[in-house]
Amino acid sequence: MIADHLTSIEQMEADLWKVADTLRANSNLASNEYFMAILGLIFLRHATNRYYAALAAIEADRAAGRMPNRPLVEADFTRRRALMLPEPARYDVLLKSPKDGSLGASVTAAMDAVEDHFAPLAGQLPKDYERFEDDVLEAMMRAFDSDALRTASGDVFGRIYEYFLAEFSKQGAHDNGEFFTPPAIVQTIVNVIEPDHGVVFDPAAGSGGMFVQSSHFIEGEGQDTMERVTFYGHEKNETTAKLAQINLAVHGLQGSIRAGNEAITYYKDPYELVGRCDFVMANPPFNVDEVDAEKVKGDKRLPFGLPGVNKAKKLSNANYLWLQYFYSYLNENGRAGIVMSSQASSAGRNEAKVRQKLVETGAVDVMMDIRSNFFYTRTVPCQLWFLDRAKERDETRRDQVLMLDARNIHRKVTRAIFDFSPEQQKNIAAIVWLYRGQTERFLGLVEAYLAQAVAEGQATDEPLETFEEALGALIDPAQPFATRRRDPDPLAETWEELTFAQATLAADIEAFGGEVAAQADDWAKGGNGPGRDNAALHTAREGLHDVSQRCRDLTKQIDLAAKLAGRMVDVAVKELDARASDHWANADINKARKALEGARAGAVEALRRTRYFVRQADWLQERFPDAELRDVEGLVKLVDRTEVKTHEWSLTPGRYVGVAPEEDDEDFDFEEALRSIHVDLRDLNDEAAGLAARISRNFRELGV
């Protein structure tokens, strides 16, 4: 059910983006001219939903006698995390207003009214809706007024907002797309530093993604974000700062995000947070070389000195300026997670001296390599630096650094973009848990994967039954024609193979169901709650390998049966002119063929998910069989300060972990390879469609 829900949201996101992008094309506006307007509409739709939900809660409290029947005030809505929207600012009212050429002005007035009722958004919302033709603007607004979106929760709108930020970032719609750090990177940082209390600071806040992912983490622990943390941010670009404030508001969050020239962060401490931060999270600009050395010389945020000055009295590279600042902002127990250029970890000369001093504090905790193409507008690889000031006082860990090379961990999103799947993010975090001695969390994740595999195996019943029925629904009406005597008969061999495949598949599905039931019984006998030890989890995982192999075999059989069914129809129609025969139910067979493809996709996906979660447990337990941290070639190594010193204080994980051995192809994931191919084909088709539309518009403009 959760998977179905997520799939529906993903489809909603994609559909909304296509509508918005089509409207943009029809308005002849570039993406950097309309992206703020669309993000503002997402916010207004969400604010309206929150208003009506709060109003319903207020009326329920009145009816139950929990609230007096008095005129409503702003605080009644604020305590329910909603805005007391005046009537002209409500999304549904705007859509019902007369279409007299003033819709743009009405939407702008609505944005003004929202800002008047919510101080953190003052001056932040877009106000240029009058640039749109009324019909284009109305069409955009109706795209966000479906039945599903009228009742959608804040989580749904948060996802949609983040999705649109990502899509606009891919287009470089603003600031060359650098306002957006991909969620997979941000979530990885959050998983390692676990920002669940106190002051959280992002001095290069971008669109506020660090704060949003922190809130997801806190709420995942069952806590209220606004009761646990205070967010502070700084962003050089005022438009980007507005994106961040809207992003926070869409997620029901508040924070102080100051906008202004980048120099404020370089030369000043905008919130006077030195030594006060519990967590610092940032993706600062890489390799900046224009910082005035004279202005930062002696700054208390530079405990290890200037990293290097060129003849123009500029810092030759500001990477180690940022790193020292982040270190200085932390309190004595503070943690930091930073996205940094891959060049920084092995830079020489003065930067190496600063790096040495940083390592010698004991605060450098984890270093992580990330492969190229994770960012939407930059193809270069990067590294994640993790600092932990509490580690400075830990005699056991202060001289150690965890080197983690995650370059071989990724999934393909588009031809040019990669990220981490949610499970890959968890697996990376699990390595850090072992490093910190949190064995129970590691075992809990393995157990969760196995429990999910069992549940997914049980959930295959319906899609497998649906496929069997769909296959029968195609074979049965074709039988009168297919079994007629012919000499020669070009259909005979295919029909025989198809009916044999149907019978074999039915028997194997029944056997598979029995095996899944047996494994589910074995799993249940191990107890319904968490707490299985490592040996028990190894046994359970190995027991699921047969189920996993059955999933793979059934996938091949299902694909074969569907292929044979399609071949049967093609031979009948193309070689035997079946449509002209009274024994061929053409409409029914065409309908059944289409339904069979949908049923095939559903069955294959259900089987894939079962295998997938077994493989996740395999990934963890095969690399860390004793549920303890150990060196894994090409992945992870725990190094001490002496070893780092012998490598000239380099903090590049790849220099320590070695090269990953080649994977055994015996369990090659054909489904994953096919999905990768489909991603490439989808992107090529989208590009072709876009080029065709552009060519068509150009011809129209030329009057051709």
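Cut-offs used in this document
- Residues numbered from 1 in each chain as written.
- Predicted model: local features only at pLDDT ≥ 70, side-chain atom pairs only at ≥ 80, totals over all residues.
- Heavy atoms only, no water.
- Helix = DSSP H or I, 4+ residues; strand = E, 2+ residues; numbered from the N terminus.
- Buried < 20%, exposed > 50% of the residue type's maximum accessible area, 1.4 Å probe, protein only.
- Contact = heavy atoms within 4.5 Å.
- Patch = residues over 30% accessible without salt bridge, like charges linked within 9 Å, V, L, I, M, F, W, Y side chains within 5 Å.
- Areas by Shrake-Rupley, 256 points an atom, 1.4 Å probe, with all protein chains shown as cover.
- Salt bridge = Lys/Arg side-chain N within 4 Å of Asp/Glu carboxyl O.
- Lys, Arg positive; Asp, Glu negative; His and termini not counted.
- Charge placed at Lys NZ, Arg CZ, Asp CG, Glu CD.
- Core = buried A, V, L, I, M, F, W, Y, C linked by side-chain atoms within 4.5 Å.
- Phe/Tyr/Trp six-rings, centres within 6.5 Å; stacked < 30°, edge-to-face > 60°.
- Lys NZ or Arg CZ within 6 Å of the ring centre and 35° of its normal.
- Expected span 1.5 Å × (residues − 1).
- Pairing = 2+ DSSP bridges.
- Right-handed = clockwise from strand over helix to strand, strands pointing away.
- Axes fitted to C-alpha atoms, helices over the stretch in contact; angles between N-to-C directions.
- Parallel < 35°, antiparallel > 145°, perpendicular 65-115°, else oblique.
- Left-handed = near helix turned anticlockwise from the far one by under 90°.
- Nonpolar A, V, L, I, M, F, W, Y, C, P; charged D, E, K, R; others polar.

Peer 1: Whenever I open this one, the overall build of the protein chain confuses me. Can you help?
Peer 2: Within the protein chain, the regular secondary structure consists of 26 helices and 11 strands. Across the 704 residues of the protein chain, 51% fall into the buried class. Here the contacts in the protein chain between residues at least 6 apart in sequence split such that 76% fall between residues at least 24 apart.

Peer 1: Can you walk me through a negative patch on the surface in this structure?
Peer 2: A cluster of acidic residues, Asp461, Glu462, Glu465, Glu468, Glu469 and Glu510, forms a negative patch on the protein surface. Ranked by residue count, the leading element in the negative patch is helix H19 (residues 461–482), at five residues. Its place among the elements puts Asp461 in helix H19.

Peer 1: Explain the nonpolar core here, please?
Peer 2: Most often, soluble globular proteins have nonpolar side chains that are buried together. In this structure, Phe467 and Trp584 are the most contacted members of the largest nonpolar core, which totals 109 residues. Apart from residues lying up to four places away in sequence, Trp584 is in contact with Ala478, Phe481, Met568, Val569, Ala572, Val573, Ala578, Arg579 and Ile589. Within the second largest apolar cluster, 59 residues are counted, among which are Leu44, Ala82, Tyr161 and Val250.

Peer 1: Please explain the packing of aromatic side chains as it appears in this structure.
Peer 2: Two aromatic rings, taken as a pair, are described by how far apart their centres are and by the angle between their planes. Evaluated as defined, the whole model comprises 16 aromatic pairs. With a centroid separation of 6.4 Å and 55 degrees between ring planes, the pair formed by Tyr266 and Tyr267 is classed as tilted. In textbook terms, an aromatic cluster arises when at least three aromatic residues are bridged by ring pairs, as seen for Phe201, Tyr232, Tyr271 and Tyr329. Sitting over the face of the ring of Phe418, Arg371 holds its NZ or CZ atom 3.9 Å from the ring centroid. The ring centre of Tyr612 lies 5.4 Å from the NZ or CZ of Arg608, which sits over that ring.

Peer 1: I'm lost on helix H18 (residues 439–458) in this one. Help?
Peer 2: Given 3.6 residues per turn, any residue in an α-helix points the same way as the ones three and four places further on. Here H18 is 20 residues long and its end C-alpha atoms lie 29 Å apart, about the 28 Å a rise of 1.5 Å per residue gives. Of the positions making up H18, those classed as buried are Phe442, Leu443, Leu445, Val446, Glu447, Tyr449, Leu450, Ala453, Val454, Glu456 and Gly457. Buried-residue contacts for H18 involve helix H17 (422–435), H19, helix H20 (492–525), helix H21 (534–543) and helix H23 (586–623).

Peer 1: Would you take a moment to explain the pairing of strand E3 (residues 256–259) for this structure?
Peer 2: Within a regular strand, the side chains alternate between the two sheet faces. Pairing of strand E2 (residues 229–235) with E3 involves four bridges; the strand directions are parallel. Opposite Glu235, over in E3, you have Ala259 as the bridge partner. Note on the crossover from E2 through helix H12 (residues 238–250) to E3: the handedness is right-handed.

Peer 1: What is the right way to look at the pattern of salt bridges in this model?
Peer 2: As a working rule, side chains carrying opposite charge can pair if their charged atoms are close by. Counting across every chain of the model gives 33 salt bridges. Here Arg70 and Asp76 are joined by a salt bridge, their closest N and O atoms 2.9 Å apart. Judged by relative accessible area, Arg70 falls into the partly exposed class, the value being 30%. Classification of Asp76 by relative accessible area gives buried; the value is 1%. In this structure, Asp405 engages Arg407 in a salt bridge whose closest nitrogen and oxygen atoms are separated by 2.6 Å. Overall, the relative accessible area of 3% leaves Asp405 in the buried class. Where salt bridges share partners, they join Arg45, Asp145, Asp147 and Arg150 into one cluster.

Peer 1: Please clarify how the pairing of strand E5 (residues 330–341) should be interpreted in this entry.
Peer 2: Counting buried residues in E5 gives 10 out of 12 residues, a clear majority hidden from the surface. Direction of pairing for strand E4 (residues 277–282) relative to E5: parallel, over a ladder of five bridges. Residue pairing for E5: Cys277 is matched across the bridge by Leu330. Pairing of E5 with strand E7 (residues 382–388), which is carried by seven bridges, proceeds in the antiparallel orientation. Considered in E7, the bridge of Val339 is made with Leu384.

Peer 1: Hey, could you run me through the packing of H19 against H23 in this one?
Peer 2: When two helices pack together, you describe them by how their axes are tilted relative to each other and by the distance separating the axes. One can describe the packing of H19 onto H23 by two numbers: an axis separation of 8 Å at closest approach and a directional angle of 155 degrees. The angle between H19 and H23 falls in the class roughly antiparallel. Classified by chirality, the crossing of H23 by H19 is left-handed. Note on element contacts: H23 touches H19 through Ile589, Ala592, Arg593, Ala595, Leu596, Ala599, Arg600, Gly602, Ala603, Ala606 and Leu607, opposite Pro463, Leu464, Thr466, Phe467, Ala470, Leu471, Ala473, Leu474, Pro477 and Ala478. The residue inventory of the contact of H19 with H23, partitioned by class, reads 17 nonpolar, two polar and two charged.

In short, shape yes, function no, at least from these values alone.
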